[in-house]
Amino acid sequence: MPEIAIMTDSNCGIMPGEGDKLGIHVLPMPVIIDGQTYYEGIDISLEEFHEKQMSGADITTSQPSPGDVTSMWDDLLQDHDEVVFIPMSSGLSNTCQTASMLSADERYEGKVFVVDNHRISVTQAQSVLDAQVLASEGRAGSEIKTILEKEAMDASIYIAVDTLEYLKKGGRITPAAAAIGTVLKLKPVLTIQGNKLDSFAKTRGMKGAFKLMLDAVKKDIDSRFPHLKEQGRLKVGIANTLMDPEKLEHFKEEMKENFPDIDLFYLPLTMSIGTHTGPGALGIGTVRFHQKNGDLK
């Protein structure tokens, strides 16, 4: 049985320190704040990031350098036969395409397997946990890649944004649309169904947005994943940027009440996502899993 290292990036919501405890190797994503590059979970925490964002700092995101990616592969291959790397969706970043090209190099051919599973945040994290389960079953890296990519679309995410300011900064909406939306107290709901982040709906207030997202997840479960629910192979997840703890707990409890027979797990929305959504954003979704791994707290 090959010794397989499971590697991902911090866009899944698992930070490098947490990954060490879980036996997962996490590549920290870079974020550029007022011209200085920081690495998520290494030299900047989510709390520090939110402080800088709220203070009006100029923040942009970037993908890891090819050297950072291959350096981690080289380190892992000293003690493992193979590496399975699960980065964020190729539709949301060039990291996956770059890693795929790098893995074709003679040094990594047959040793490094880059998975394009079209996921981010809690659904990406579940793929990482699934990869661990598959590796423990004796699957080779190539098999794990094939299985995860085959099951990639068995996931759904909806994200509600509390403020339009950061979508405006990122050029995702026009200043005029942001101004009108702010006056009308509109909360855009976005969705990730595979490759891209798309507009799903607009509603007034975060409570309305949360209700809309709940209904959308229920519809997905009933229409797309009823067989997985029957098999007990579905989880629901929740994630957020900076938010009042009591409000977050309320949303968690609402998720448990609405999905009483499905396991719930939680991870924060990371800096790459938070840069574009701003504070107060909330994401919920559903995803298949290979084994009950318990809640991520």
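Predicted model only: the values in this text are computed from it and were never measured. (Residues numbered from 1 in each chain as written. Predicted model: local features only at pLDDT ≥ 70, side-chain atom pairs only at ≥ 80, totals over all residues. Heavy atoms only, no water.)

In this section: the overall build of the protein chain. If you tally the helices and strands in the protein chain, you get 12 helices and 13 strands. In the protein chain, which comprises 297 residues, the share counted as buried stands at 52%. Within the protein chain, contacts between residues separated by at least 24 positions form 75% of all contacts whose residues are at least 6 apart in sequence. Roughly 13300 Å² of accessible area belongs to the protein chain as shown, and the carbon and sulfur atoms make up 50% of that amount. (Helix = DSSP H or I, 4+ residues; strand = E, 2+ residues; numbered from the N terminus. Buried < 20%, exposed > 50% of the residue type's maximum accessible area, 1.4 Å probe, protein only. Contact = heavy atoms within 4.5 Å. Areas by Shrake-Rupley, 256 points an atom, 1.4 Å probe, with all protein chains shown as cover.)

In this section: the pattern of salt bridges. Enumeration over the complete set of coordinates arrives at 10 salt bridges. One salt bridge connects lysine 145 with glutamate 149, and the closest N-O pair in it is separated by 2.9 Å. In this pair, lysine 145 and glutamate 149 are both assigned in helix α6 (residues 141-150), 4 residues apart and thus about one turn of the helix distant. In this structure, the salt-bridge partner of lysine 252 is glutamate 249, at a minimum N-O distance of 3.6 Å. Of this pair, lysine 252 and glutamate 249 are both found in helix α11 (residues 245-258), 3 residues apart, which corresponds to roughly one turn of the helix. The class of glutamate 249 is partly exposed, set by a relative accessible area of 41%. A cluster of three or more residues bridged by salt bridges with shared partners is formed by Glu137, Arg139 and Glu143. (Salt bridge = Lys/Arg side-chain N within 4 Å of Asp/Glu carboxyl O.)

Attention shifts here to the sheet that holds strand β6 (residues 82-86). The 4 strands are arranged β2-β1-β6-β7 in an open sheet whose pairing can be described as parallel. At either end of the open sheet lies a strand with only one pairing partner, and these are β2 (25-27) and β7 (112-114). Pairs of neighbouring strands in the sheet enclose a mean axial angle of 25°, with direction left out of account. Note: strand β1 (residues 4-9) against β2, 3 bridges, orientation parallel. Across the sheet, the residue bridging to aspartate 9 is leucine 27, located in β2. Each of β1 and β6 touches helix α5 (residues 121-136); the most contacted strand, β1, lies at about 180° to it. (Pairing = 2+ DSSP bridges. Axes fitted to C-alpha atoms, helices over the stretch in contact; angles between N-to-C directions.)

Scanning all chains against the criterion turns up 4 aromatic pairs. With a centroid separation of 6.3 Å and 75° between ring planes, the pair formed by tryptophan 73 and phenylalanine 85 is classed as edge-to-face. Placement of tryptophan 73 in helix α3 (residues 66-77) and of phenylalanine 85 in strand β6 is noted, with a sequence separation of 12 residues between them. On the basis of relative accessibility, which here comes to 0%, the residue phenylalanine 85 falls in the buried class. When the centroid spacing of 5.1 Å and the interplanar angle of 70° are considered together, the rings of tryptophan 73 and tyrosine 108 count as edge-to-face. (Phe/Tyr/Trp six-rings, centres within 6.5 Å; stacked < 30°, edge-to-face > 60°.)

Checked against the element boundaries, isoleucine 86 lands in strand β6. You can call isoleucine 86 buried: its relative accessible area is 0%. The spatial distance from the C-alpha of isoleucine 86 to the C-alpha of cysteine 12 is 9.3 Å, given a sequence separation of 74 residues. In contact with isoleucine 86, not counting residues within four places along its chain, are Ile6, Met7, Thr8, Asp9, Val115, Asn117, Gln124, Ser127, Val128, Ala131 and Leu148.

Once that is clear, we can look at the nonpolar core. Ile6, Ile14, Val84, Ile86, Ile144 and Leu148 are the most contacted members of the largest nonpolar core, which has 32 residues in total. Of all the elements in the fold, those that place two or more residues in this core are β1, β6, α5, α6 and β8 (155-160). The greatest single-element share of this core, amounting to 7 residues, is contributed by α5. Residues contacting leucine 148, with those up to four places away along its chain left out, are Ile86, Val115, Asn117, Ser127, Asp130, Ala131 and Leu134. (Core = buried A, V, L, I, M, F, W, Y, C linked by side-chain atoms within 4.5 Å.)

What follows deals with the side chain of glutamate 82. Mapped onto the elements of the fold, glutamate 82 is located in strand β6. Put simply, glutamate 82 is tucked away with no salt bridge, and the nearest opposite charge, on lysine 111, sits 10.0 Å away. Within the structure, glutamate 82 has its side chain in polar contact with the backbone nitrogen of glycine 141 (distance 2.6 Å). (Lys, Arg positive; Asp, Glu negative; His and termini not counted. Polar contact = N/O pair within 3.5 Å; in protein donor to acceptor, adjacent residues only side chain to side chain.)

Another point: helix α2 (residues 46-54). Looking only at α2, the buried set comprises Leu46, Phe49, His50 and Gln53. The buried residues of α2 occupy one face: seen down the axis, they fall within an arc of 95°. Turned more than 90 degrees from where α2 packs its buried face, Glu47 and Glu51 sit exposed. (Arc of directions from axis to C-beta.)

With respect to the helices, strands and loops of the structure, aspartate 220 is situated in helix α9 (residues 206-223). Here tyrosine 158 takes part through its side chain, which lies 2.7 Å from a polar atom of the side chain of aspartate 220. Ignoring any residue separated from it by four or fewer positions in sequence, one finds aspartate 220 in contact with Ser156, Tyr158, Gln193 and Phe225.

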